[in-house]
Amino acid sequence: MTSQATPSAAKAAAAERRDQAVRAAVEQGLAGPDAPIVALLDTTGIRTGAAALRTAFAAVTDAPVLHAFAVKACPLVPVLRLLRAEGLGAEVASPGELALARAAGMTAADTVLDSPAKTPAELREALALGIAVNADNPQELARIDAFMTSAPSASPVGLRVNPQLGAGSIDALSTATATSKFGVALLDDGARDRVVRAYRERPWLTRLHTHSGSQGVALPLMAQGVKVAYELAEEINAAVGRRQVDTIDIGGGLPVNFGSDEETPTYASYARLLKEEVPGLFDGRYGLVTEFGRSLLAKHGTVLARVEYAKSSGGRPIAVTHAGVQIAARTVYAPASWPLRIAAYDAKGRPKTGPSVAQDIAGPACFAGDLLAENRPLPLLEQGDYTGVLDTGAYYFAHHYSYNSLARPGVYGFTATAEGVRFATVRDPQPIEDLVAEAGGAHTDGLL
Ligand SMILES: *Cc1c(COP(=O)(O)O)cnc(C)c1O
C-alpha cells in the first residue's frame, strides 16, 4: 500500500494487517495465557503515515520543512528511530524525552525543545547542543539572554505565542484558550508590542512558535492560530526592517478519528487548508516546523488482551480482560471524551462473529470504573477470547499508569511478509523485579 491508495483501500488494508497480526500473535504465542496483554504497532502504517505527512507539505511549498514528531505521543526509542528513517525529527519537552530522541539517533538539527517549565540546566544543555528552543515566556527569554551573553549558541530560538482563539471540545487539551498556561498570551494588554520589542532587542530570536490544536480542536481553528503567528512574524520583520523571523513552527494537533479505520482529517487536507488561509507562509520566505504527535501514531497501535473471565452481573454480560486503566487512563477516567473502539477476537485470534450483545469490557484493576467500554454491542465474548483495543498507538499503551502495580506490557512492531507476520520487539514486557525496584525495593528497611 502507498500513500496514493484511496482512503477506503488504505482503511481496508490497515484493518486486514491488524487482523493478520492478531492471529499471528496468538499463533506464535506472543499473546496467550501467560502473556495476557501485548501491544502491537503496525510498522507499515507508521511508515505510510510519515510519508503522507511529508508529501502533504511538499505538495504546498518548496520551503524547507522539519517535521518534528511530538515524542510525548509515543515515547519509545525504536519508534523514534523508525520515524527518523522516514525523515522526521523530534519535538521534546523534558530531559527524558530529549534523551530518548538522542538514543534514537536524532541530531540536534532535527530536534526542537518545547516545554513550559525548562530549568536553567535544560536550557544550557539544549543551547550547548545547538538544539532549537522555543521559549515559553519573558522570564525564560531573560534566562536565554544570560546564556547567549556567556556562550553564544547556534541554536535557533523562538518564542511561543498563544493566539487565544478559544477551546475545542476537550478542555484539558485546548492550548489556545484565553487563560491557557502555554506561551505569551497575544491578546492581553500590551502583549503584542512587548513581543515585537523582545524580537527587536534580540537579533538571535529568529523563530515564532504556536501550537493551538489537539484532539477536539477543529481544523479551521488550528489554521486561524497559524495565521495569527504568520501575521505576527510579518509585523515583527516589518518593525525590525529585516527578515529576522525566518522560521515558523506551527505545532501539531491534527485530530484523530477514533470512530473507524478511516484516517481523517488527512495531512493533505490540513496542508491545503493552511495554504488557502495563510498563502504567505508557503511562498518560500519562511522555513517551517511541524510537531504532529497523535495523528502519526494513534491509528497504528492495538492492545491485544485476553478475556480472563466472562461473567454476568445484574443481567449484564461482562468480559474481564487484562487491558484497563493501566493502558487507557484517559478512556477510563474520561470515557465521554475518549471513547475507544474494541474488536472481538476468538481464542485463536480470529475475528469473532455472532449476534451483537451489549456487554461491558472491563480491565483488571481493582476499582469499579475500570471499564474500556460500557454496554458495547459486540459478539458475546467468552473466556479465552481476546479483545483488540484499537487506535491506541499514541498516548495510550506508551503512557503506562502503574495502578495496582500492573506491569507494562511488551510492545511489538509487526510487518506482513510473504512468509507471514514478523514481529520485532519494541519494548520488553516489564519484569516483576522491575516493579519491586521501582517501588523502593532497594530501600526496604529505609523507614525502620
Ligand atoms: C503535545 C504537543 C504537540 C503534539 O500534539 P498532538 O495533538 O499529539 O499532535 C505538539 N507541540 C506541542 C508544543 C505539544 O505540547
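Conventions we followed
Residues numbered from 1 in each chain as written. Predicted model: local features only at pLDDT ≥ 70, side-chain atom pairs only at ≥ 80, totals over all residues. Heavy atoms only, no water. Domains from an automatic or database assignment. Contact = heavy atoms within 4.5 Å. Buried area = accessible area lost by both parts, 1.4 Å probe. Salt bridge = Lys/Arg side-chain N within 4 Å of Asp/Glu carboxyl O. Near = heavy atom within 4 Å. Polar contact = N/O pair within 3.5 Å; in protein donor to acceptor, adjacent residues only side chain to side chain. Areas by Shrake-Rupley, 256 points an atom, 1.4 Å probe, with all protein chains shown as cover. Nonpolar A, V, L, I, M, F, W, Y, C, P; charged D, E, K, R; others polar. Helix = DSSP H or I, 4+ residues; strand = E, 2+ residues; numbered from the N terminus. Buried < 20%, exposed > 50% of the residue type's maximum accessible area, 1.4 Å probe, protein only.

Our next topic: the domain arrangement of the chain. Considered domain by domain, the chain is made up of domain 1 (2-42 + 298-438) and domain 2 (61-292). Here the C-alpha centre of domain 2 lies 33 Å away from the C-alpha centre of domain 1. The partner domain 2 presents 18 residues to the 23 residues of domain 1 that form the contact. Here domain 1 and domain 2 share an interface that buries about 1800 Å² over both sides, 66% of which is from carbon and sulfur atoms. Contact with domain 2 buries area across many residues of domain 1, yet Lys11, Lys299 and Trp338 alone supply 30% of it, more than any other trio. Counting across the domain 1 and domain 2 interface gives three salt bridges. For Arg341, the salt bridge goes to Asp261, with nearest N and O atoms at 2.9 Å.

The next subject is the site of the ligand. In the vicinity of the ligand there are 15 residues, among which Lys72, Ser214, Glu291, Arg294 and Tyr395 approach most closely. Interatomic distance of 2.7 Å between a side-chain N/O atom of Glu291 and a nitrogen atom of the ligand. Here the ligand, which alone exposes 390 Å², has 93% of that area covered by the protein. Tallied by class, the residues present in the shell around the ligand amount to three nonpolar, six polar and six charged.

Moving on: the environment of Leu141. Tracing the backbone through its elements, the reader meets Leu141 in helix α6 (residues 138-150). When its relative accessible area of 4% is taken as the criterion, Leu141 is described as buried. As for Leu141 and Arg242, which are separated by 101 residues in sequence, their C-alpha atoms are 21 Å apart. Ignoring any residue separated from it by four or fewer positions in sequence, one finds Leu141 in contact with Ala135, Leu159, Ala198, Arg202, Trp204 and Leu205.

Our focus in this paragraph is the pattern of salt bridges. Throughout the structure, instances matching the rule amount to 23 salt bridges. In this structure, Arg23 and Glu27 form a salt bridge, with 3.2 Å as the shortest nitrogen-oxygen distance. Linking Arg23 with Glu27, this pair stays in helix α1 (residues 7-27), spanning four residues, or about one helical turn. Overall, the relative accessible area of 55% leaves Glu27 in the exposed class.

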